[in-house]
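Listed here are the chains, written in short residue letters.
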Amino acid sequence: MSSMGRRIHRQLGDSKYLPVPASAGSFFPTASLQGTPFDYAKRRVRIRHNISAPLGVVLLLPFVLVLLVIRLVQVPSNTSLLPSRNRLPDIRAMNESIDAPFVVGCQVPDTSRPRANAVLVILARNKELDGVIDSIKSVERHFNRWFHYPYLFLNDAEFNSTFKATIFNYTESKVEFGVIDKELWDFPPWTNQEEVKESIALQGDAAIMYGGMESYHHMCRFYSGQFYKHPMLAKYDWYWRVEPDVKYFCDITYDPFLYMEERGKVYGFTIIIKELVDTVPNLFRYASGFRRSRNITSKGMWEVFLQKDKEEKESGPKTSGVGDQFRIPDPEMIDPEAMNGEKYNLCHFWSNFEIAKLDFFRSKEYNDFFEFLDRSGGFWNERWGDAPVHSLAAGIFLAPSQVHYFRDIGYRHTTIQHCPGNAPRKQLPRTPYIRDPKSKKDLEEDRYWDQWDIDRENGVGCRCRCDTDIIDVEGNDGSCIPSWVDAVGGWTSD
């Protein structure tokens, strides 16, 4: 045998694999008919010229890959295709000595108790029917299918027959429709309408959000100080405001009206954020002036709406250097937006969701406050929203213990949402909610809600499945939750 032949013989004879001609497209192992199947599986297969692997691994690899793919596309009944737990933002725990969630996680709805004297109020127009339907479907699915609270629809014009007939298809609860009297909706008699309309037009020219829409100004004023005067609301003690095009993410398996009643709560919110500064340039001045003129002492809520200047708190106000003993401020250092040394931080409860005791709005104190603001002309000359008006009123008249953060209620309106995270070990199986068993869309929608999010540490929600296209407002820069938390005792976890 030649020297080259001996080299080839040594390489092949001592090797555990034999190459097959390239035309075969792969490498196959040599296999002796002697030995156990385990020995056979250990024989190595050349994958590339310098890479080999045991035959058993090569044969099993396709089956492992198939099983992995099947596992990835399956979604367990209590999870959703969200980022992993480690990638979700942390939920911080709050001090609960003053205000705690009424219920953490799920409970079996107790429908044996008498309902509160409460109503769900929707201000809408005929053209908003589709958005109203979406809101009702969400409220019914996550809350009212158990508790059956009535709805009151309000409009500054008559609801048409199509609107009314369609609403009855989406709820079994009592439904009422009311028209808003012009006295509650239109310009008050003391306004100069030509001047007011010119002011509104100028706001539109300045691109102030909704500032150029006369109807929006009417709506803000109506919700600020008129809605509770509507005769169809007179028989109710509580109201839950529902807007068109809102979405709820979590099941509410308890009656929030009864819990608020029993715990002495007056006003409830789920989102607190900053207002657009151009819409309320002078609102805080009037609210602060009202409070000072009545010698009203804060009960701890007013501070929620004050800007906290750490530098000024540590060093005191800057002075001109002349007459320092009298602390004379330098005129150039005076903040034109401050009032009596206080400045509005623009925080407000987002009132498109609020649950409140109507006696709060009906009180003489609140109506005096509204009248004071109304006479200033700010609802027309500026674009004051009902949200900051309600919020500053709460700051003036209420204590933190009278306000409740519905942290467990997942909620979305436009591009802002709050999602509480599901409470660990406190989820319960859900009962399907299918309006029409023959409807493929209804069946698919119910399957969607049957795949709720993973539990999260410090989560408080029940069977929440939140949208993932936007982040939770609670941890956002525009959120005012830190101001609220300061008022109720601070954070208890990082």
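Residues numbered from 1 in each chain as written. Predicted model: local features only at pLDDT ≥ 70, side-chain atom pairs only at ≥ 80, totals over all residues. Heavy atoms only, no water.

**Focus: the packing of helix α10 (residues 283-293) against helix α15 (residues 386-397)**
Consideration 1: One way to put it is that α10 packs onto α15 with a least axis distance of 11 Å and a crossing angle of 25°. Comparing the axis directions of α10 and α15 gives the class roughly parallel. Of the two elements, α10 crosses α15, and the hand of that crossing is right-handed. From α10, L283, F284, A287, F290 and R291 reach across to α15, where they touch P388, V389, L392, I396 and F397. (Axes fitted to C-alpha atoms, helices over the stretch in contact; angles between N-to-C directions. Helix = DSSP H or I, 4+ residues; strand = E, 2+ residues; numbered from the N terminus. Parallel < 35°, antiparallel > 145°, perpendicular 65-115°, else oblique. Left-handed = near helix turned anticlockwise from the far one by under 90°. Contact = heavy atoms within 4.5 Å.)

**Details of helix α13 (residues 364-376)**
Consideration 1: Relative to the 18 Å expected for 13 residues at 1.5 Å per residue, α13 spans 19 Å between its end C-alpha atoms, a close match to the ideal helical length.
Consideration 2: Within α13, the full set of buried residues consists of Y366, N367, F369, F370, L373 and D374. One side of α13 carries all its buried residues, which in axial view fall inside an arc of 155°. Opposite the buried face of α13, at more than 90 degrees from it, the exposed residues are K364 and R375.
Consideration 3: For α13, the elements touching its buried residues are α8 (214-225), α10, α12 (358-362), α14 (378-381) and α15.
Consideration 4: Positive phi shows up at G377, right after α13, with a value of about 85°. (Expected span 1.5 Å × (residues − 1). Buried < 20%, exposed > 50% of the residue type's maximum accessible area, 1.4 Å probe, protein only. Arc of directions from axis to C-beta.)

**With respect to the sheet that holds strand β14 (residues 416-418)**
Consideration 1: In space, the 3 strands of this open sheet follow the order β7-β13-β14, with antiparallel pairing throughout. Strand pairing shows two members of the sheet lacking a second neighbour, β7 (246-248) and β14, which therefore form its edges. Put simply, the sheet's adjacent strands are angled 10° from each other on average, direction ignored.
Consideration 2: Here 3 bridges tie β7 to strand β13 (residues 411-413), and the two strands are oriented antiparallel to one another. Within the sheet, the bridge partner assigned to Y248 lies in β13 and is Y411. (Pairing = 2+ DSSP bridges.)

Keep in mind these values describe shape, not function.
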